[in-house]
Every structure is written in C-alpha cells, then in structure tokens.
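Examining the three-dimensional arrangement
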Amino acid sequence: GNSVTQMEGPVTLSEEAFLTINCTYTATGYPSLFWYVQYPGEGLQLLLKATKADDKGSNKGFEATYRKETTSFHLEKGSVQVSDSAVYFCALKVTGGGNKLTFGTGTQLKVEL
Amino acid sequence: DVKVTQSSRYLVKRTGEKVFLECVQDMDHENMFWYRQDPGLGLRLIYFSYDVKMKEKGDIPEGYSVSREKKERFSLILESASTNQTSMYLCASRGQGREKLFFGSGTQLSVL
C-alpha cells in the first residue's frame, strides 16, 4: 500500500536557522508528492509539489526534491522566520484508486526569536 | 480564491447523539473529502465524493456516513456519536483532474 513517514516533531529552531523536515514514502506506481502547511487555527494549504523524479518544488523559500532512488521528498528552507511556525504535512497521490492523498503524521515547527 | 466553509469551528455533543458536520465549497469542484486529524496520526480519509450523490469509503469509514445532494455541499454524519470520535474534522475539495486540495479551517468536535 501507500504510506508516508515524516520525522517526529516538534522541531524548534531559532530564526534564520536552516530547516530540514524529512519525508520518505512507499507507493505502488509513480506518485506525485506534496507538502502542505497548516498554520495555527487554519486548514491545510498546499505549499509545494513535484510530479516526477528529480523535480524540485519550491514556494516561499521552501523547496523539496523528488528523489526516486531514496524514495524521499525532504522539505528545506535556508533561513526560517517566526511566521513559518506551523505544522507541515508530507503527502502523496498515486493516479487511480480515487486519486486520494495519503498524508504523513505531520511535523510541528516552532521558530523562536 | 476557492473557499471551503465548515459550518462550525467548535462543537460539543453527547455520546449517542446524531451529529451533522456541514461543508460548502464555492468553486464548483467535483471532488470533496472528509478527513479527521488526530495527534500522532495525521490526516485520515473518512469518505470522499466524486460527484453529486456519489460517495466512496476512505480508510476509516466505520461509524460515519455522508451525503452529497448538491454539488457544493458535502455532509458528514455521525449516526451515534462516541467518545473515540472526538477529533478535528477537515473538509476539502478539488476540481476534476486537478491536484491541489483546498481545505476548510476545520471543526473541533468533542463527544462527552
């Protein structure tokens, strides 16, 4: 079956620190990969996506590269801000089977001054 | 921008009550979804719908049912609420053939 494994949180960083949130996946077929972000009190929003191997998704200074050889889609940002504090979800979608998204458990990020 | 509206932000119900959670989207999306979000478990799909009057079970449908009588509205029903259904419920929608999911801000349901 399909599954997504994320690093456990919370991750606490100082402002301007480098961020990595690890995500690995298991999928039947060739998935599209996503990062969603959930700010406090809000629903999830799409942050970035990649649809095939070696694609890099990027948005708001965040980026993630679809690595088929390591089945990974790690999220990175060079310099985090307090406003990046949120819960980050890695997800995958395999074509067919209802095109459902399978989510990871989420990683909470706290950025402090 | 797409708007997905969930009728209640917080809801408190008693064990055994019938509970309706409503979700409305304003962008004519064909696909709608209900997830529950629990700490350490992430989001789990309860039910989804491809079109009016169509519904499919997700990964954890037990204890839930859904209704999609109109394209813009997707309702989640707890026939007899139980304490293990205390959770954050998230509705989402997506256009046909599109990849981006749009989420509502969630309903925190407490069953006492």
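All values derive from a computational prediction rather than experimental measurement.

Cut-off values and rules
- Residues numbered from 1 in each chain as written.
- Chains lettered and ligands numbered in written order.
- Predicted model: local features only at pLDDT ≥ 70, side-chain atom pairs only at ≥ 80, totals over all residues.
- Heavy atoms only, no water.
- Salt bridge = Lys/Arg side-chain N within 4 Å of Asp/Glu carboxyl O.
- Helix = DSSP H or I, 4+ residues; strand = E, 2+ residues; numbered from the N terminus.
- Buried < 20%, exposed > 50% of the residue type's maximum accessible area, 1.4 Å probe, protein only.
- Pairing = 2+ DSSP bridges.
- Axes fitted to C-alpha atoms, helices over the stretch in contact; angles between N-to-C directions.

Another aspect to go through is the pattern of salt bridges. Tallied over the entire structure, the rule returns 12 salt bridges over all chains. For A:K93, the salt bridge goes to B:E99, with nearest N and O atoms at 3.6 Å. Here A:K93, found in strand β10 (residues 86-93), pairs with B:E99, found in the loop between β10 (87-94) and β11 (102-103), and the two come from separate chains. When its relative accessible area of 18% is taken as the criterion, B:E99 is described as buried. Several salt bridges share partner residues, and in doing so they unite A:K49, A:K93 and B:E99 into one network.

On to the sheet that holds strand β7 (residues 56-59) of chain A. All names here are of chain A. As summarised here, the arrangement of the 4 strands in space is β3-β9-β8-β7, forming an open sheet in which the pairing is antiparallel. Of all strands in the sheet, those with a lone pairing partner are β3 (19-21) and β7, marking the two edges. The mean inter-strand angle of the sheet, taken between neighbouring strand axes irrespective of direction, is 20°. Bridging between β7 and strand β8 (residues 62-65) involves 4 bridges; their strand directions are antiparallel. Bridge pairing links N59 to F62 in β8.

Before going further, it helps to examine the pairing of strand β2 (residues 11-14) of chain A. Residues and elements named next belong to chain A. A one-sided burial pattern is seen for β2, the buried positions being V11 and L13 and the unburied ones T12 and S14. In this sheet, strand β12 (residues 107-112) lies alongside β2 in parallel orientation, the contact comprising 4 bridges. Residue pairing for β12: T12 is matched across the bridge by K110.

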